[in-house]
Amino acid sequence: MKWVLVEGGTYMMGAQDADPNSPNYEANDVYAYYESPVRKVTIPSFYIGKYEVTQDLWDFVMHYDGLAADGSKMEMVEETSLLDVMKDAQNVKIGANYPIGNVSHDDIVKFFIPRLNKITGKSYRLPSEAEWEYAARGGMKDEYTASLGVKGEMKIYSGSNNPSEIGWYVDGATKSEMHEGGEKSPNALGIYDMSGNMFEWCRGFSEYTEAEFTDNADDTQWLGMVGVRGGAYIYAESYMRIAKRTAYTPNTKYFFIGFRLAHSVVSE
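Bear in mind that the values here come from a model prediction, so they are computed numbers and not experimental data.

*Asks:* Mind showing me how you'd approach the pattern of salt bridges here?
*Replies:* Under the criterion given, the structure shown has 12 salt bridges. Here Asp 107 and Lys 253 are joined by a salt bridge, their closest N and O atoms 3.2 Å apart. You can see Asp 107 sitting in helix α4 (residues 105-120) and its partner Lys 253 sitting in the loop between β10 (246-248) and β11 (257-258), a full 146 residues away along the chain. Take Asp 107: its relative accessible area is 16%, and that puts it in the buried class. Salt-bridge contacts for Glu 133 lead to Arg 137; the nearest nitrogen and oxygen are separated by 3.1 Å. Overall, Glu 133 belongs to the buried group, its relative accessible area being 0%.

*Asks:* Whenever I open this one, the environment of Asn 161 confuses me. Can you help?
*Replies:* Along the chain, Asn 161 falls in the loop between α6 (143-146) and α7 (163-166). In this structure Asn 161 comes out as partly exposed when scored by relative accessible area, which is 33%. Counting along the chain gives 80 residues from Asn 161 to Arg 241, while the straight-line C-alpha distance between them is 9.3 Å. Setting aside its immediate chain neighbours within four residues, Asn 161 contacts Glu 153, Met 154, Lys 155 and Ile 156. Here the side chain of Asn 161 touches Glu 153 through a polar contact of 3.2 Å, side chain to side chain.

*Asks:* I tried to follow the side chain of Ser 158 on my own but got confused; where do I start?
*Replies:* With respect to the helices, strands and loops of the structure, Ser 158 is situated in the loop between α6 and α7. Reaching out from Ser 158, the side chain makes a polar contact with the side chain of Asn 187 at a distance of 3.2 Å. When near neighbours in sequence (up to four residues on either side) are disregarded, Ser 158 contacts Ala 136, Ile 166, Asn 187, Met 194, Ser 195 and Ile 242.

*Asks:* Could you clarify how one ought to interpret the packing of aromatic side chains in this entry?
*Replies:* How two aromatic rings sit relative to each other is given by the distance of their centres and the angle of their planes. Summed over all chains, the structure comprises 17 aromatic pairs. Measuring from centroid to centroid gives 4.8 Å for Trp 58 and Phe 112, while their planes differ by 0°, and the two rings are stacked. Separated by 54 residues along the polypeptide, Trp 58 in helix α2 (residues 55-62) and Phe 112 in helix α4 bring together distant segments of the chain. Each member of the pair Trp 58 and Phe 112 is classed as buried. Judged by centre distance (6.2 Å) and plane angle (55°), the rings of Phe 199 and Phe 256 are tilted. Within this pair, whereas Phe 199 is found in strand β7 (residues 199-201), its partner Phe 256 is found in the loop between β10 and β11, the two being separated by 57 residues in sequence. With a relative accessible area of 1%, Phe 199 lands in the buried category. Site record: aromatic cluster; members linked through ring pairs are Phe 199, Trp 201, Tyr 235, Tyr 239, Tyr 248, Tyr 254, Phe 255 and Phe 256. Looking at Arg 39, its charged tip hangs above the ring of Tyr 208, at a distance of 3.9 Å from the centre.

Criteria and thresholds
Along each chain, residues carry numbers from 1 onward, in the same order as the chain's sequence is written. For this predicted model, a pLDDT threshold of at least 70 governs which residues receive local features, and a threshold of 80 or more governs which side-chain atom pairs are given and counted, while totals over whole chains, interfaces and linings are taken from all residues. The basis for every side-chain value is the complete set of heavy atoms in the structure, and neither hydrogens nor water enter the calculation. Every case where a carboxyl oxygen of Asp or Glu lies within 4 Å of a side-chain nitrogen of Lys or Arg is listed as a salt bridge. Labels follow the DSSP assignment, with helices taken as runs of H or I lasting at least four residues and strands as runs of E lasting at least two, numbered in each case from the N terminus. Under the scheme applied here, a residue whose accessible area is under 20% of the maximum for its type counts as buried, over 50% as exposed, and between as partly exposed, the area being computed with a 1.4 Å probe on protein chains only. We call two residues in contact whenever any of their non-hydrogen atoms come within 4.5 Å of each other. Side-chain atoms alone can form a polar contact between residues adjacent in sequence; in general such a contact is a pair of N or O atoms within 3.5 Å, and within protein one must be able to donate a hydrogen while the other accepts it. When the centres of two rings from Phe, Tyr and Trp lie within 6.5 Å, Trp using its six-membered ring, the rings pair. Their planes under 30 degrees apart give stacked, over 60 give edge-to-face, and anything left gives tilted. Here, over-ring charges are defined by two tests on the NZ atom of lysine or the CZ atom of arginine: distance to the ring centre within 6 Å, and angle to the ring normal within 35 degrees.

Below you can see the structure in the form of structure tokens.
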């Protein structure tokens, strides 16, 4: 696993299409019910995966048979192979460095992450939506984000306003299929594929309000749903927008939904 340090800071989260002179204005595609109001969020420093979790890592963790970090014995999880299920899906690729998909939020937080943490002795987790969006926007390394929308140009997608530079999606010109991580350009923080390739599960899903807040990566599930971010290779570019929010019930599985990990600085 390769990690990127996301230095803490305050940024404007969400999008709005009402006032071109206010932060995070997007003229098209804003779904105000989920993406507005734009609000000020403070994020403590954290680490996030440079790439989406791969099929190889999932397979290793779920089939690990050996000693945990605390010396206890672990046995592999008996499961129907996810890779066998995925291979028949639309333009899915099977291989060590391709992202894992067809995993639910429950699979990740109840099985994969506890096993990974027991193996490593660490405290890995999913990012919150606020952390995910902050990292996708480039954090304090992006001038627009760091200045609360006063300076620089806001990136609609993670790292660019040209979606073809940074992600895989349905564009009518190339075949819509899954790709290995890191084939396109990274964002300002050096993170790959936060727009396109795979939707990514987040930690929770909360209703937007105008109140400022400090993100504590909680597990709030508004309306019983969990957020996914970033778009996917079988969706149009509008789903790749950083501010775009989609949510599913935590037991949902689709071959185009994967995830990336995060961990707090104190757990290093």
